[in-house]
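Survey of secondary and tertiary structure
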Amino acid sequence: MSKPIVAIVGRPNVGKSTIFNYIGRNRLSIVEDIPGVTRDRIYMDAEWLGRNFTMIDTGGIEFESNDKILTAMRNQAKLAIDEADMIMFIVDGKTGLTSADNEVAVILRNTRKPVLLVVNKIDNMKNEADIYEFYNLGLGDPIAISATNALNIGDMLDRVIEHLPAEHSEPAENDQIKVAVIGRPNVGKSSLVNSIIGEERVIVSDIPGTTRDAIDTHFTKDGQTYVMIDTAGMRRKAKVDMPVERYSVIRSLRAVDRCDVVLMVINAEEGVTEQDKKIAGYAHEAGKASIILVNKWDLIDKDGKTSLRFTENIREELGFMQYSPVLFASALTKQRINRVTELVKYVADQHAMRVATSVLNQVIEDATAINPPPSERGRRLKIYFTTQPDVKPPTFIFFVNDPEIMHFSYLRFLENRLRESFGFEGTPLKLVVRGRK
Ligand code: GDP
Ligand code: GDP
């Protein structure tokens, strides 16, 4: 993927994760009240003035060994140099310059990658003079910010994007996000598509579907083109000699095959049906990203716990789809309709996310340190190397001494660690175990 990578490096407690979360939050706010969205991760997408980039908080990676701070920081810096397009080096304006800062600066001065020196915790710009000593690091003009008081963050981000490599344009077809709107007849698919598009008021065109099973509606929002594959659209026109129910399943499966993101529409009054389970299972197996949209939420009498109970029920019925965000909406009243496209874009990005190999291997090493791999007849599983060869869905290969010893439960544990570290909301992951030749 061509999104530039910005690595955040610095001593413990200088405010790296505060900065990281602050920058990432603008983007994440759309999913804040959606169950299943994790935080405290190492990777996060961010956007400033239309430039998209991915941040890595190298402080979130616990390097093995008894981690003397200095060793850890050297490792962070090296990792950043290897993987990032630019590096944000955070220092603490309250504590002042430390010898560990100097050590890292030596490493960072020796890279050709751009480095932005950020002096955090300047909570009052009257104290901006505190930053002068940091010129001694030889990393150019420092910028003073306060992450907790949100001071100068915009100026800092201006400088971050100045340093990013020029944007390469991606092939046009990759720009579209194809969304299959799936659900039983009458759950409100057409109403949803209409209200989503009505909301955006940026319709490009209505193009009849390439198959006669669906209508594809193209529209653009914030520079992103979406194609809504509405399997219901044709029903009124087509005369079909098949039971409506069965025909709609076949259409749905075809739409799933063609899409990036499945928008599973469930009727709030009915809950998850057998047909929903079948199609959701198919989407999961096919490696598609998905969102569960509970429509007709206006018809439900609610107390404080209704959505929680509903979510629990969905998680139970669609056990394999724990990763999918659940959105409670109404095509009729338009409640939360304005969030649908943003959420679609978000899970589509997660579906296409590529993790740097060195970061990936650190996370797996940490995981195996916390919870040692299983053993069988005196032989312990060893994971030599992990790599992510593919996206959509994100696919990981674990190279091990003996695949036979890998238990399903251990794979599940590794998958959870990957999700905790990187997010991957809304997307299944494909995990492959290979023996060493
Ligand atoms: P990290 O270890 O580098 O990720 O640092 P954290 O983000 O966990 O922050 C360490 C501590 O510094 C926390 O208690 C933060 O609340 C605090 N902190 C972060 N940014 C600022 C800031 O701009 N001003 C002040 N006064 N405290 C901050
Ligand atoms: P489709 O077959 O899945 O495309 O469903 P439609 O969009 O044709 O909607 C079926 C019926 O449900 C219509 O009468 C809609 O007016 C109604 N409907 C759709 N969405 C909502 C909603 O959010 N709330 C309520 N109360 N009714 C809705």
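Higher on the page you've got the structure.
Here the residue numbering is sequential within each chain, running from 1 through the sequence in written order. As they are written, the chains are lettered A onward and the ligands numbered 1 onward, keeping that order. Residues qualify for local features only when their pLDDT is at least 70, as the model is predicted, and side-chain atom pairs are given and counted only at 80 or more; totals for whole chains, interfaces and linings, by contrast, use all residues.

1. Section: the pairing of strand β16 (residues 383-390)
Strand pairing is assigned whenever DSSP identifies at least 2 bridges connecting the two strands. Per the convention used, a helix needs a DSSP run of H or I reaching at least four residues, while a strand needs a run of E reaching at least two, with both numbered from the N terminus. Looking at chain direction, β16 and strand β17 (residues 395-400) are connected through five bridges and run antiparallel. Bridged to Thr 387 within β17 is Ile 397. In this antiparallel pair of consecutive strands, β16 and β17, the connection spans four residues, and Lys 392 shows a positive phi of 55 degrees.

2. Side note on the sheet that holds strand β6 (residues 143-144)
Here six strands make up an open sheet; going across it, the order is β2-β3-β1-β4-β5-β6 and the pairing mixed. At either margin of the open sheet sits one strand with a lone partner, and together these are β2 (43-48) and β6. Where strand β1 (residues 5-10) meets strand β4 (residues 86-92), five bridges bridge the pair, whose relative direction is parallel. Following the sheet pairing, Ala 7 is matched in β4 by Ile 87. Placing C-beta atoms from the backbone, we regard two residues as in contact once those atoms come within 7 Å. Lines are fitted to the C-alpha atoms to define the axes, a helix being fitted only along its stretch in contact, and any angle between axes, read from their N-to-C directions, falls within 0 to 180 degrees. Contacts from helix α2 (residues 69-83) reach β1, β3 (51-57) and β4, with the element oriented near 165 degrees to β1.

3. Focus: the site of ligand 1
Contact assignment follows one rule, namely that a residue is near a molecule or strand if its backbone-placed C-beta atom lies within 6 Å of it. Taken together, 15 residues surround ligand 1, and among them Gly 15, Lys 16, Ser 17, Thr 18 and Ala 147 come closest. Element by element, the count of residues in the shell around ligand 1 is highest for helix α1 (residues 16-28), at three residues. Tallied by class, residues from the shell around ligand 1 come to three nonpolar, nine polar and three charged. Amino acids are sorted into nonpolar (Ala, Val, Leu, Ile, Met, Phe, Trp, Tyr, Cys and Pro), charged (Asp, Glu, Lys and Arg) and polar (every other residue, Gly among them).

4. A short note on the nonpolar core
Counting residues in each nonpolar core, the largest one holds 113 residues, and the members touching the most others are Phe 89, Val 179, Val 261 and Leu 263. Among all residues touching Val 179, those that are not within four sequence positions of it are Tyr 226, Val 227, Met 228, Ile 229, Cys 259, Val 261, Leu 263 and Val 344. Any nonpolar core is a set of buried residues, restricted to Ala, Val, Leu, Ile, Met, Phe, Trp, Tyr and Cys, that join up through C-beta atoms within 7 Å. Partly exposed residues are those whose C-beta has more than 12 but fewer than 20 other C-beta atoms within 10 Å; 20 or more makes a residue buried and 12 or fewer makes it exposed, with C-beta atoms placed from the backbone.

5. Observations regarding the pairing of strand β10 (residues 224-230)
Here six bridges tie strand β7 (residues 176-182) to β10, and the two strands are oriented parallel to one another. Bridge pairing in β10 links Ala 180 to Ile 229. Bridge count for strand β9 (residues 215-221) against β10 is seven bridges, and the pairing is antiparallel. Of the residues in β10, the one forming a bridge with Thr 220 is Thr 225. Hairpin connection, β9 to β10: the antiparallel pair is bridged by two residues, and Asp 222 has positive phi, about 45 degrees.

6. Examining unusual backbone geometry
Residue Pro 393 is reached from Lys 392 by a cis peptide bond, and omega for that bond is 0 degrees. In this fold, Pro 393 is placed in the loop between β16 and β17. In this structure, Asn 186 takes a positive phi of about 75 degrees despite not being glycine. By the element assignment, Asn 186 lies in the loop between β7 and α6 (189-200). Positive phi, normally seen in glycine, also occurs at Lys 334, with a value near 70 degrees. Among the structural elements, Lys 334 can be located in the loop between β13 (326-328) and α10 (340-351). Residue Lys 334 is classed as partly exposed on the basis of its C-beta count, with 14 C-beta atoms lying within 10 Å.

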